[in-house]
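As a plain string of letters, each chain reads:
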Amino acid sequence: MVPIITTPRLMAIGGGALGELPGILQRLGLARPLVVTDPFLVRSGHLDRVTKVLDAATIPWQVFSDTVADPTTAVVEAGTRRLAEDSFDSLVAIGGGSSIDTAKGMSVLAANGGHIRDYKVPAPILKAGPPVVAIPTTAGTGSEVTRFTVVTDTETDEKMLIAGLACCPVAAVVDFELTLSMPLRLTADTGIDSLTHAIEAYVSRRASPFTDGLATVAMGLIARNIRTACAEPQNRAAREAMMLGAMKAGMAFSNASVALVHGMSRPIGAFFHVPHGLSNAMLLPEITAFSAPAALERYADCARAMGVAEEGEGSQAAVARLLDELRRLNADLQVPSPRAYGIDRTRYDELLPVMTSQALASGSPANNPRVPTSDEIVELYRRVYE
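Residues numbered from 1 in each chain as written. Predicted model: local features only at pLDDT ≥ 70, side-chain atom pairs only at ≥ 80, totals over all residues. Heavy atoms only, no water.

Q: Tell me about the packing of helix α6 (residues 184-203) against helix α8 (residues 236-256), residues and numbers included.
A: Between two packed helices, what matters for the description is the angle formed by their axes and the separation of those axes. As a packed pair, α6 and α8 sit with axes 8 Å apart at the nearest point and diverge in direction by 40°. Here α6 lies oblique to α8, going by the angle between them. Between α6 and α8 lies a crossing whose hand is left-handed. Note on element contacts: α8 touches α6 through R239, M242, A246, A249, A252, F253 and A256, opposite T187, G191, S194, H197, A198 and A201. Taken together, the residues that form the contact of α6 with α8 break down as eight nonpolar, four polar and one charged. (Axes fitted to C-alpha atoms, helices over the stretch in contact; angles between N-to-C directions. Helix = DSSP H or I, 4+ residues; strand = E, 2+ residues; numbered from the N terminus. Parallel < 35°, antiparallel > 145°, perpendicular 65-115°, else oblique. Left-handed = near helix turned anticlockwise from the far one by under 90°. Contact = heavy atoms within 4.5 Å. Nonpolar A, V, L, I, M, F, W, Y, C, P; charged D, E, K, R; others polar.)

Q: Requested: an account of the pattern of salt bridges, with residues and values cited.
A: All told, the structure shown has 21 salt bridges when counted by the stated rule. With a closest N to O distance of 2.8 Å, E177 and R236 form a salt bridge. Taken together, the positions of E177 in the loop between β8 (171-174) and α6 and R236 in helix α8 put the pair 59 residues apart, joining distant regions of the chain. A salt bridge links D332 to R227, with the shortest nitrogen-to-oxygen separation between them at 2.9 Å. Here R227 lies in helix α7 (residues 209-231) and D332 lies in helix α12 (residues 315-332), a separation of 105 residues in the sequence. Here R227 falls in the partly exposed class, since its relative accessible area comes to 27%. Members of the salt-bridge network, linked through shared partners, are R227, E325, R328 and D332. (Salt bridge = Lys/Arg side-chain N within 4 Å of Asp/Glu carboxyl O. Buried < 20%, exposed > 50% of the residue type's maximum accessible area, 1.4 Å probe, protein only.)

Q: Break down unusual backbone geometry for me, with residues and values.
A: The omega angle of the peptide bond from V121 to P122 is 15°, so this bond is cis rather than trans. Phi is positive for H273, which is not a glycine, with a value near 55°. Looking at the secondary structure, you find H273 in the loop between α9 (260-272) and α10 (276-291). According to the relative accessible area criterion, H273 is exposed, its value standing at 59%. Within the chain, Q334 stands out as a residue other than glycine whose phi angle is a positive 55°.

Q: Talk me through the pairing of strand β1 (residues 10-13); I want residue IDs and the actual numbers.
A: Here β1 shows a clear split, with L10 and A12 buried on one side and none of M11 and I13 buried on the other. Two strands pair when backbone bridges link them, and β1 and β8 are joined in this way by four bridges, in the parallel orientation. Note on β8: the bridge partner recorded for A12 is V173. (Pairing = 2+ DSSP bridges.)

Q: Describe in detail the sheet that holds strand β4 (residues 90-95), supporting the description with residues and values.
A: Taking strand neighbours across the sheet as the criterion, the six strands line up as β1-β8-β5-β4-β2-β3 in an open arrangement whose pairing is parallel. Two strands lie at the open edges of the sheet, namely β1 and β3 (62-64), each paired on one side alone. Within the sheet, the average angular offset between the axes of one strand and its neighbour, ignoring direction, is 20°. Pairing geometry for strand β5 (residues 132-136) and β8, over two bridges, is parallel. Across the sheet, the residue bridging to V133 is A171, located in β8. Along the sheet, helix α4 (residues 73-84) makes contact with β2 (33-36), β3 and β4, crossing β3 at roughly 160°. The strands touched by helix α5 (residues 97-112) within the sheet are β2, β3, β4 and β5, with β4 carrying the most contacts at an inclination of about 160°.

Q: Could you give me a rundown of the packing of aromatic side chains, with the residues and numbers involved?
A: Taken as a whole and judged by the stated rule, the model has four aromatic pairs. Summarising the aromatic geometry, the rings of Y348 and Y381 are spaced 6.3 Å apart at their centres and angled 90° between planes, so their arrangement reads as edge-to-face. With a gap of 33 residues between them, Y348 in helix α14 (residues 345-361) and Y381 in helix α15 (residues 374-385) connect regions that are remote in the sequence. The same class applies to Y348 and to Y381, which are both buried. Considering the side-chain rings of Y348 and Y385, the 4.9 Å spacing of their centres and the 50° angle between planes classify their relative orientation as tilted. Pair noted here: Y348 is in helix α14 and Y385 is in helix α15, with a separation of 37 residues, a long-range link. (Phe/Tyr/Trp six-rings, centres within 6.5 Å; stacked < 30°, edge-to-face > 60°.)

Q: Tell me about α14, and please be specific about residues and values.
A: For α14, spanning 17 residues, the distance from its first C-alpha to its last is 24 Å, which sits close to the expected 24 Å at 1.5 Å a residue. At L352, α14 shows its largest bend, some 50°, and a proline, P353, comes one to four positions later. Among the residues of α14, those classed as buried are Y348, L351, L352, M355, T356, Q358 and A359. Measuring from the side-chain oxygen of the N-cap residue of α14 to the backbone nitrogen of T346 gives 3.2 Å; that N-cap residue is D344. (Expected span 1.5 Å × (residues − 1). Bend = angle between axes of the 7 residues up to and from the residue. Polar contact = N/O pair within 3.5 Å; in protein donor to acceptor, adjacent residues only side chain to side chain.)

Q: An account of the environment of E20 is requested, with residue identities and associated values reported.
A: In this structure, E20 sits in the loop between β1 and α1 (21-27). Relative accessible area serves as the criterion here: at 47%, E20 is assigned to the partly exposed category. Considering only alpha carbons, one finds E20 and N255, 235 residues apart in sequence, at a separation of 26 Å.

Structure follows, in structure tokens:
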């Protein structure tokens, strides 16, 4: 099957790229944005950096700053009501994946009506809403270049995957200087999230030559720089590499899709309020070990791209090195197990059937090289807990 590739129409990439925001809006014929962000970015001054650029170009703006980590249906609906209060023609989302995903959800809901749960995969999104210009402040989710958004249903605690062309930002401003103040935990969690995106895009059943190139470059950038970015937060070269890696991984998985790690990660995040990147990190080594026998050459390529195996090394040995590195990376970056994180075992076990059902319903496990049964997902959840 010939892949159909989706990317933003415009991207400004590099240190100082934020200064290109007014020109991007003007090139797209946009003149009245609603800026979508979160309370922390308001307090930290990041929002001011954006609004000063808009003020200097005499572009009027207003702010919706009530986004939360792991966007909810309630917040998306509140933001959509705010969007309807004035004649905004666009959304400028600044923040991590949560702010960008919230803006995407607002755009979808503004154009199509109803409830955001109406557009959960595999439901189609028929109309495109106000265009989103995404400005990430983390080297992590890749949401600035993807055709996905994830929203938690406040009634059911389900993390819903929503996908379609209408979810892809029209433009992205990828400025690594906005990540220099990221704390270690956020740097680590979003970095492993990006690495997971790249690995899953490469081994996905929907991979293509286009996504393979992006994914392998992303793996190399992230694996070689994540520890430095965590240890030396002001290291500009490491921060730039992580930002580029996250963006390329985002473009890769947006067009090849993610797989079993993400399918199983979303329920952990929804029910136990574990940050998305951290729940991916908890799962990545064990699920890679489960999946690798079905795609040995592909996983060996990942090891080589990450620089942990030599080009001429056999695939079995390379995959063994990959698994060692994923476990070592979690240890170095102090990624806890669900148990060490404080998740109650009784509650965890009680939720295994619904977590498994939600994981399968997301569609992501079907992209995995080894497609699991329900019983295998339950067993993987149990193994990961310890």
